[in-house]
Amino acid sequence: MTEMVELIAAKRDGRRLSDEDVSWFVSAYSRGEIPDEQAAALLMAIFFRGLDRSELAAWTTAMVRSGRRLDLSRISRPTVDKHSSGGVGDKVSLVAAPIAAALGAAVPKLSGRALGHTGGTLDKLAAIPGFRTELAIDEMLDIVERVGCVICSAGGDLAPADKRLYDLRNATATVESLPLMASSIMSKKLAGGAGAIVLDVKVGSGAFLTDPDQARILARTMVDLGCDAGVPTAAVLTAMDAPLGRAAGNAVEVREALEVLRGGGPKDVIEVARAVSAQMLALAGIAADPDDAIASGAALRAFEAMVEAQGGDLGSLPEAPHRRTLPAPRSGVVGRIDARAV
């Protein structure tokens, strides 16, 4: 494995890797031809030395090419995907996707399960009895064309190299590498095939990233990766020092999303969903006001149609079996809620 040793030494000493080097490594490691100890050494070298913009673009492209890229050409509407880096109470996808769909975009949103201390979008939707998160590609495309939005599992054949590398990063304390984090997220989003991507990057005590400067770097890096790949990409930064909204959990977050879609709900959820869906519409080339989709009921109908198409029964959404009320001992205003503690 002389070639691998040379790659490790090059990155260790701060030299850049060629596109060919990067492509070879990702492909060979995906096929099991490079031992974990050598791949781990390269990841650690990248952790300390970083990847420049061209290296990172090559790395992400190689990850996308490790599997298949979805072909969304049969969808008649402009397609746009949305990603959130996650945070306590983050149910924005459940609101923003149907808003965009109601106003003419197609949202084939590929999501994941829980990561770290927060539930994933699929965990929330799985709280709806009967809701299917695993869909065949043809069925997924049919729902997107008919309803306007679908939220389902990404599947193992999209950027499969990312799964192997993420497991190794998790075992080698290199998950926090911003270039590798950006590439991990964007390889899956680009493999999803959407015509545009909007990123909701959370920052604060309830998010994966707690430092605003680090969150801005991650957002900028991901936007650059998308644009370098020819896919219009935008990002918003959302403060997550407190839980988003008043519900944190799976079924209760679905209920709160429904409340927002019906024209009510907490102001912070409304604000973030409006900002994210406005970016989605802008990148899709649609001049429309997200508030109109709420006021007309079109966004609620789009969400209900998506849930029905994926086998869910909103009428049977479970109630919490145990409830406890904590009355305030005196009048006042809540000054702070620690999202991570919640």
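Residues numbered from 1 in each chain as written. Predicted model: local features only at pLDDT ≥ 70, side-chain atom pairs only at ≥ 80, totals over all residues. Heavy atoms only, no water.

### A look at empty space enclosed by the protein
Any empty space left between atoms is shown by rolling a water-sized probe over those atoms. Taken as a whole and assessed by the stated rule, the structure comprises 1 cavity of 30 Å³ or more. What the largest cavity holds in volume is close to 30 Å³. Taken together, W59, M63, D162, L165, R169 and L180 make up the full set of residues lining the largest cavity. Mapped onto the lining of the largest cavity, the elements with two or more residues apiece are α4 (53-65) and α8 (160-171). The element contributing the most residues to the lining of the largest cavity is α8, with 3 residues. A class-by-class count of the residues in the lining of the largest cavity yields 4 nonpolar, no polar and 2 charged. (1 Å grid on protein atoms, 1.4 Å probe; cavity = no way out; pocket = protein on both sides within 12 Å on 5 of 7 lines; lining within 4 Å. Points joined across faces, edges and corners; volume = space filled by probe spheres on them. Helix = DSSP H or I, 4+ residues; strand = E, 2+ residues; numbered from the N terminus. Nonpolar A, V, L, I, M, F, W, Y, C, P; charged D, E, K, R; others polar.)

### Overview of helix α9 (residues 178-191)
Spanning 14 residues, α9 covers 20 Å between terminal C-alpha atoms, matching the ideal 20 Å at 1.5 Å per step. Counted residue by residue, α9 has 13 buried out of 14 residues, so it is predominantly covered. Once α9 finishes, G193 follows within two positions and takes phi at roughly 80°, a positive value. (Expected span 1.5 Å × (residues − 1). Buried < 20%, exposed > 50% of the residue type's maximum accessible area, 1.4 Å probe, protein only.)

### Side note on unusual backbone geometry
Positive phi outside glycine occurs at A159, with the angle close to 45°. Among the structural elements, A159 can be located in the loop between β3 (149-153) and α8. Unusually for a residue other than glycine, A173 sits at a positive phi of about 60°. Position of A173 relative to the elements: it lies in the loop between α8 and α9.

### Quick notes on the pattern of salt bridges
If you walk through the whole model with that rule in mind, you get 25 salt bridges. Between R220 and D224 there is a salt bridge, with the nearest N and O atoms lying 3.3 Å from each other. You can see R220 and its partner D224 sitting in helix α10 (residues 212-228), 4 residues apart, about one turn around the helix. Connected through shared salt-bridge partners, R53, R220, D224 and D228 make up one network. (Salt bridge = Lys/Arg side-chain N within 4 Å of Asp/Glu carboxyl O.)

### Brief notes about a nonpolar patch on the surface
Together, V334, I337 and V342 make up an exposed nonpolar region whose accessible area comes to about 290 Å². The topology assignment puts V334 in the segment after α14 (298-309). (Patch = residues over 30% accessible without salt bridge, like charges linked within 9 Å, V, L, I, M, F, W, Y side chains within 5 Å. Areas by Shrake-Rupley, 256 points an atom, 1.4 Å probe, with all protein chains shown as cover.)

### A word on the packing of aromatic side chains
A full pass over the atoms with the stated rule returns 3 aromatic pairs. With a centroid separation of 6.0 Å and an interplanar angle of 10°, the aromatic rings of F25 and Y29 are classed as stacked. Taken as a pair, F25 and Y29 lie in helix α2 (residues 19-30) at a separation of 4 residues, close to a single helical turn. Residue F25 is classed as buried on the basis of its relative accessible area of 1%. Their ring planes at 85° and their centres at 5.2 Å tell us that F47 and F48 sit as a pair that is edge-to-face. Exposure remark for F47: the relative accessible area of 32% places this residue in the partly exposed category. Counting every residue linked through ring pairs, the aromatic cluster contains F25, Y29 and W59. For R164, the ring lying beneath its charged end belongs to Y29, and the centroid distance is 4.2 Å. (Phe/Tyr/Trp six-rings, centres within 6.5 Å; stacked < 30°, edge-to-face > 60°. Lys NZ or Arg CZ within 6 Å of the ring centre and 35° of its normal.)

### Considering the sheet that holds strand β4 (residues 197-203)
The strand order across the open sheet formed by 3 strands is β1-β4-β5, and the pairing between neighbours is parallel. Of all strands in the sheet, those bounded by a partner on one side alone are β1 (81-84) and β5 (233-239). Adjacent strand axes in the sheet meet at a mean angle of 15°, parallel and antiparallel pairs treated alike. Relative to β4, helix α12 (residues 267-283) is tilted by about 155°, and along the sheet it contacts β1, β4 and β5. (Pairing = 2+ DSSP bridges. Axes fitted to C-alpha atoms, helices over the stretch in contact; angles between N-to-C directions. Contact = heavy atoms within 4.5 Å.)

### Remarks on the nonpolar core
Judged by nonpolar contacts, the single largest core of 111 residues is most densely connected at F25, W59 and M140. A total of 8 residues in this core trace back to one element, the largest contributor, which is α9. The contact partners of M140, leaving out residues within four places of it in the chain, are L70, L72, P108, L110, L135, V150 and C152. (Core = buried A, V, L, I, M, F, W, Y, C linked by side-chain atoms within 4.5 Å.)

### Concerning the packing of α2 against α8
Look at α2 against α8: their axes get within 9 Å of each other, and the N-to-C directions meet at 85°. The pairing of α2 with α8 is recorded here as roughly perpendicular in orientation. Note on element contacts: α8 touches α2 through A161, R164, L165 and L168, opposite F25, V26, Y29 and S30. (Parallel < 35°, antiparallel > 145°, perpendicular 65-115°, else oblique.)

### Remarks on the environment of M186
Tracing the chain through its elements places M186 in helix α9. Taking the C-alpha atoms as reference, M186 lies 9.3 Å from H83; in sequence the two are 103 residues apart. Apart from the residues within four sequence positions on either side, M186 is in contact with T60, I197, L199, M222, L225, G226 and T233.

### Some words on the side chain of E256
Note that E256 resides in helix α11 (residues 251-261). Separated by 3.2 Å, the side chain of E256 and the backbone nitrogen of A247 make a polar contact. (Polar contact = N/O pair within 3.5 Å; in protein donor to acceptor, adjacent residues only side chain to side chain.)

### Notes on the pairing of β1
With burial as the criterion, each face of β1 is covered, one bearing D81 and H83 and the other bearing K82 and S84. Pairing geometry for β1 and β4, over 4 bridges, is parallel. Counted as the bridge partner of S84 is D200 from β4.

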